[in-house]
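Fold and geometry: a report
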Amino acid sequence: MSRPEVDERRRLRLEEVDKLASFAVFQPLKRELVPSGTRVFKHTWVDTSEKSRLAVQDLRRFGSDAGEIIHCPTPSHYSNNVFDYFAAVTGQEVVAIDVVSAFVHASENSLTCFMEPPKEWLEEHPEIGDVVWQLVQALYGRRTAGTNFRDFWEAVICSVPDFEFKRGNAEPCLYYSKKSHVLILAHVDDGRLCGSRQCISEVIAYVGRFMLLKVSPMITKGMAYSYLNRLRLRIDGGWVVMPNPKLAERILSMVGYDDKCPTVAATPGVKRPWDDENMKDAEEPYTFRSAVGALMHYSSDVEVIAFAVKELAREMHRPTVRGWMSLTRLGRYLHDKVNWVIEKKVDHASRLLLEKMNEAHMREHGAEDAFAARMASYELAANMQLAV
């Protein structure tokens, strides 16, 4: 690494340390004050050309403390379909948000979470001596960081004045305000809001008091935006979703169907893991698992392959020749569809269907469970009308 590259990396790392200090993520503590027997975590740097991120090495082999929760839900494709359907039917504005340095907004639940400080910080503060960092806010790499931020996010959203947001039960990443007819979909530090322009502005203004946000313009008909590496174009009464083509190309490359060698699996003399009829287990389980894992993510948009991917996932524990053959067959199907898009559109009949289901659910559940009834209606209608 050249000297200018070293200096640039140091500058980015110092910027990260200064940012953590501005969020009051850590508190320097004399090492001698750390309780005996308490683990002091090490750290690691994740460096890119644009930024550096400091992460604590809270490894799985260390185990978890009693009562620690490390689960953080993410939206299923049902949740995304419900949101898309809600926006298409109501025709209201949509805004995408991104929480900057999300996890450090939340508090660290453990009072005895300590980490070795980075050398870049020690070099800037030689007078401090032998110290450790006591983590006050959640830091990336901490196994409970996602859960801590999720709890913080929910506390803020459900406390927005005059909106009375309620979280979904079956879909815990959806928050709906019956009073203002606003729907929020949260995906860890990314989110989408659908509602009137005034309501969205009020919600963002309140949330912005507690979190540092990046906010997109109001997304109306004819506008496109990127969300979770997918390009989404809003059209009249629906959406056009463009799955990440790089992901599809990576999958095809792993199974031998990339553009450089589109027919490698059928090329004479080229041996693939499934060529040996006597081989009971595949020789490339890592590649197989990587490809299937990428397909699981890809199928959340391209639902027509969802069943095939589900069957492939059954082979991930112990990949077999049959699994490899099925994987390449799916790759052959996707080879000429990398740049295809998915249109999700509702019509007048689906709006009437939604109204009838709302009435039926209201009669069945009563007004006291109106939120669950309406969300169930949206989910059922979305699954029926927005299937690929």
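The rules behind the values
- Residues numbered from 1 in each chain as written.
- Predicted model: local features only at pLDDT ≥ 70, side-chain atom pairs only at ≥ 80, totals over all residues.
- Heavy atoms only, no water.
- Buried < 20%, exposed > 50% of the residue type's maximum accessible area, 1.4 Å probe, protein only.
- Helix = DSSP H or I, 4+ residues; strand = E, 2+ residues; numbered from the N terminus.
- Pairing = 2+ DSSP bridges.
- Core = buried A, V, L, I, M, F, W, Y, C linked by side-chain atoms within 4.5 Å.
- Contact = heavy atoms within 4.5 Å.
- Expected span 1.5 Å × (residues − 1).
- Polar contact = N/O pair within 3.5 Å; in protein donor to acceptor, adjacent residues only side chain to side chain.

Examining the pairing of strand β9 (residues 174-177)
Both faces of β9 are covered, namely the face carrying L174 and Y176 and the face carrying Y175 and S177. A loop of six residues connects strand β8 (residues 166-167) with β9, the two strands running antiparallel in sequence. Of the strand pairs in this sheet, β9 and strand β10 (residues 182-187) are connected by four bridges, and their pairing is antiparallel. Its bridge partner lying in β10, Y175 is registered against I184. Between the antiparallel neighbours β9 and β10 lie four residues, among them H181 with a positive phi of about 60°.

Things to note about the nonpolar core
By size, the foremost hydrophobic cluster in this structure holds 31 residues, and its most contacted members are F149, W153, F165, I184, V203 and M211. Elements supplying a minimum of two residues to this core: β5 (93-99), α4 (145-157), β10 and α5 (197-207). Looking at this core element by element, the count peaks at six residues for α5. Apart from residues no more than four positions distant in its own chain, W153 is found in contact with I97, V99, Y175, I184, A186 and M211.

Quick word on helix α1 (residues 3-22)
Here α1 spans 29 Å end to end across 20 residues, near enough to the 28 Å set by a 1.5 Å rise per residue. Along α1, the positions that sit buried rather than exposed are L12, R13, L14, E16, V17 and L20. Elements in contact with the buried residues of α1: β1 (26-30), β3 (43-47), β4 (52-56), α3 (119-124) and β7 (131-135). Backbone geometry just after α1 places A24 at a positive phi near 55°.

Some points on unusual backbone geometry
With the exception of glycine, most residues fall at negative phi, and the peptide bonds are largely trans. Although it is not a glycine, S101 adopts a positive phi angle of roughly 50°. With respect to the helices and strands, S101 occurs in the loop between β5 and β6 (114-115). Despite not being glycine, V188 shows a phi value in the positive range, around 55°. Relative to the helices and strands, V188 is located in the loop between β10 and β11 (190-195).

Details of the side chain of R13
Its place among the elements puts R13 in helix α1. When its relative accessible area of 14% is taken as the criterion, R13 is described as buried. Looking at R13, its side chain comes within polar contact range of the side chain of E120, at 3.0 Å. The residues touching R13, leaving out its near neighbours within four places in the chain, are W45, D47, S52 and E120.

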